[in-house]
Each structure stands twice: as C-alpha cells, then as structure tokens.
Amino acid sequence: MSKRTSEAARARIAAQREAYRKQERRRRLTMVVTVGVVAVVAVGIGWWSIAQSKSEEVAGNLSPIGVQSDGTVVMAKPGVTSPVVDVYEDFQCPACRQMEETSGPTLKNLATEGKAKVVYHMITIFGQEPAKSNSLRASSAARCVVDGDKWLAFHEKLYKNQPSETATGFTLDQLVKWGKEVGVTDSGFESCVREQRNVAAHQEFSNKILGAKKIQGTPTVMVNGKPLDSNTSFVPSALRDAVVNAAKG
C-alpha cells in the first residue's frame, strides 16, 4: 500500500469516527430532551392527581359523635337524620386507610355542616392470619373507647399505625398506648383492651353485617342505602356531591 493510499484510508477512518461521534452526541441530546419532557409531564400528572385527591381541611368544631351500644359510631348534628352515610371499614384494610386519608375530612365536614348523618361500622373481613387477629384486636379496643371524640381520634390513630397484612400488629401494648396518647382517660379502658372484652360482640356484629348487607369488601360507603363506587368514595369532591345530591332527593 502506497503512502498516499494509507493517508487516504486514515482520513476516511477519521471522518467515519467524527461522524459517529456527532451521531452519538445527537442521540444523547435527543435522549436527554426526551427524558426531560417525560419527567415534566410525569410531574405535571402527579401534581394534578394530588390536587384532585387532596382532602378537605376540617373546618371548625366537629359535630357530636356518639358511640352506640352495637359498636357503631354516629356523627351528626342534633336533628339531622338524612341523608345517611354508612361507612363500612376494617382497621386492617389498606384501602380503608387510604379512604380515611383522602375522604375522611369530607365525611367529618358533611356531618359538621349538618348535611349528613355519618355512621361508622367497623367490621372484620379478613379470614387469614395474622390479619384477622390484628383486625379483631383493633376493633375490640375501639369498642373500649366510650367518648365519641376520643373514639374518632383513636380511629385515626389506628389507621396511621396500620400494620402490614402479613405481620402481627395492633398489639395490646400498642393499643393501650395509643388510646392514652389520644386522651382516653377512662379507668376501665386498659383492662377492657387487654382482656379483649369486645371480641365476641364484634365478631357477631361483623358476621351480621356481612350477611345482611351483602358487603363485598371494605371500604364500602353507602348513601341512603345505595353503595358508591370507589371513583366517588375516594374523591372528596365527588363524595360531597353525591351526599348533597342525595339530600335534594
């Protein structure tokens, strides 16, 4: 190979390498721009979703809350009898925790504004362990709280500390501790929790609800006896509209 041919070959190789480097720079630039656009879109969608599901702030003092003999808890202003919003929950249920976080404040506001009578029904839907026993301990302990305001605070506390469905949780020590943290001062509370006095009553109530009401799962929200779909019960604005519309007949 002559010197001239060798120089021409090296020039071609150099040109090919430069073309390849330029192609790679363009490819990387395109990738960076694309990722950036996707990230911006994703962030935008995320913020939109958060804005859509953001809970209402609880305004003012809550309406009276009464713990009933059957274990249900009624939140309503005096004289307000309808529409009735029945909320069926399980303390061990992750979806119930999610609904409490998103729509719990809306339920409280509707009752406080005199626009609904809200009734909480705590049940146990789990058949497997340890979730079943976790649920039974939590619900039994909740029945030991006789003050309505403290019950609601305990209700929120249990959801905030909800254990995994595959791990033993809601221990008796924890339940006693959390009750005291939310201000339960009844002298019989601790012994009631530790002796699990309400387990049998809770199981009987739960079985009755599951049989008579045909509850397929939790959470289930009903307005005047009609179940709402999750697109309504998990979205504060939609939930409010459903209740307000029910009041109009």
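Right above here is the structure, for reference.
Please read these numbers as outputs of a predicted model, since none were measured by experiment.

Chemist: Talk me through the overall build of the protein chain; I want residue IDs and the actual numbers.
Modeler: In terms of helices and strands, the protein chain carries 9 helices and 6 strands. Out of the 249 residues in the protein chain, the part that is buried amounts to 40%. By element, 54% of the accessible surface of the protein chain is carried by carbon and sulfur atoms, the whole surface being about 13800 Å².

Chemist: Go over helix α9 (residues 236–247) with me, naming the residues and quoting the values.
Modeler: When the terminal C-alpha atoms of α9 are compared, their 17 Å separation across 12 residues agrees well with the 16 Å that a helix rising 1.5 Å per residue should span. Considered for burial, the residues of α9 that qualify are Pro 236, Leu 239, Arg 240 and Val 243. In an axial view of α9, the angular spread of the buried residues amounts to 100°, which keeps them on one side of the axis. One or two positions beyond α9, positive phi appears at Gly 249, with a value near 85°.

Chemist: Got a sec to walk through the packing of aromatic side chains? Specific residues and values, please.
Modeler: Applying the stated criterion across every chain, the model contains 4 aromatic pairs. Both rings, one in Phe 154 and one in Phe 189, keep their centres 6.1 Å apart while their planes meet at 90°; by these two values the pair is edge-to-face. Placement of the pair is Phe 154 in helix α4 (residues 148–160) and Phe 189 in helix α6 (residues 189–194), with a sequence separation of 35 residues. Per residue, the accessibility class of Phe 154 equals that of Phe 189, and both read buried.

Chemist: An account of the pattern of salt bridges is requested, with residue identities and associated values reported.
Modeler: Opposite charge on two side chains permits them to pair, given that their charged atoms come into close proximity. Per the counting criterion, the structure on display carries 12 salt bridges. Taking the shortest distance from any N to any O, the salt bridge between Arg 240 and Glu 113 comes out at 3.0 Å. With Arg 240 in helix α9 and Glu 113 in the loop between α2 (94–112) and β4 (117–122), the pair connects residues that are 127 residues apart, well separated along the chain.

Chemist: Lay out the nonpolar core in plain terms, naming residues and giving numbers.
Modeler: Core analysis: the largest hydrophobic core is formed by 42 residues, its most contacted members being Val 85, Tyr 120 and Phe 154. The residues contacting Val 85, other than those within four sequence positions of it, are Leu 107, Ala 116, Lys 117, Val 118, Val 119, Val 221, Met 222, Val 223 and Val 243. Counting 6 residues, the second-largest nonpolar core is a separate cluster that includes Ile 123, Phe 205, Ile 215 and Met 222.

Chemist: I'd like a rundown of α2, residues and numbers included.
Modeler: Structural remark: α-helix, 3.6 residues per turn; residues separated by three or four positions point the same way. Taking 1.5 Å of rise per residue, the 19 residues of α2 would be expected to cover 27 Å, and the 26 Å separating its terminal C-alpha atoms lies within 8% of that figure. At Ser 103, α2 shows its maximal kink, close to 55°; a proline, Pro 105, follows between one and four residues later. For α2, a buried count of 14 out of 19 residues is recorded, marking the element as mostly surrounded by other parts of the structure. Gly 114 lies just past α2 and shows a positive phi near 75°.

Chemist: Tell me about the state of the cysteines, residues and numbers included.
Modeler: Inspection of every chain in the model, using the stated rule, returns 1 disulfide. The disulfide partner of Cys 144 is Cys 192, and the S-S distance across this bridge is 2.1 Å. Across the disulfide from Cys 144 to Cys 192, rotation about the S-S bond amounts to roughly -80°, and the bridge is consequently left-handed. Placement of Cys 144 in the loop between α3 (131–142) and α4 and of Cys 192 in helix α6 is noted, with a sequence separation of 48 residues between them. Across the pair, Cys 192 and Cys 144 agree in class, each one buried.

Chemist: How would you summarise the packing of α2 against α4 if you had to cite specific residues and measurements?
Modeler: Where α2 contacts α4, the two axes come as close as 10 Å, and the packing angle between them is 150°. Our classification of the angle between α2 and α4 gives roughly antiparallel. The element α2 and its partner α4 pack so that their crossing is left-handed. From α2, Cys 96, Arg 97, Glu 100 and Lys 108 reach across to α4, where they touch Leu 152, His 155, Glu 156, Tyr 159 and Lys 160. Here the contact of α2 with α4 is built from residues that sort into 3 nonpolar, 1 polar and 5 charged.

Cut-off values and rules
- Residues numbered from 1 in each chain as written.
- Predicted model: local features only at pLDDT ≥ 70, side-chain atom pairs only at ≥ 80, totals over all residues.
- Heavy atoms only, no water.
- Helix = DSSP H or I, 4+ residues; strand = E, 2+ residues; numbered from the N terminus.
- Buried < 20%, exposed > 50% of the residue type's maximum accessible area, 1.4 Å probe, protein only.
- Areas by Shrake-Rupley, 256 points an atom, 1.4 Å probe, with all protein chains shown as cover.
- Expected span 1.5 Å × (residues − 1).
- Arc of directions from axis to C-beta.
- Phe/Tyr/Trp six-rings, centres within 6.5 Å; stacked < 30°, edge-to-face > 60°.
- Salt bridge = Lys/Arg side-chain N within 4 Å of Asp/Glu carboxyl O.
- Core = buried A, V, L, I, M, F, W, Y, C linked by side-chain atoms within 4.5 Å.
- Contact = heavy atoms within 4.5 Å.
- Bend = angle between axes of the 7 residues up to and from the residue.
- Disulfide = S-S within 2.5 Å.
- Axes fitted to C-alpha atoms, helices over the stretch in contact; angles between N-to-C directions.
- Parallel < 35°, antiparallel > 145°, perpendicular 65-115°, else oblique.
- Left-handed = near helix turned anticlockwise from the far one by under 90°.
- Nonpolar A, V, L, I, M, F, W, Y, C, P; charged D, E, K, R; others polar.

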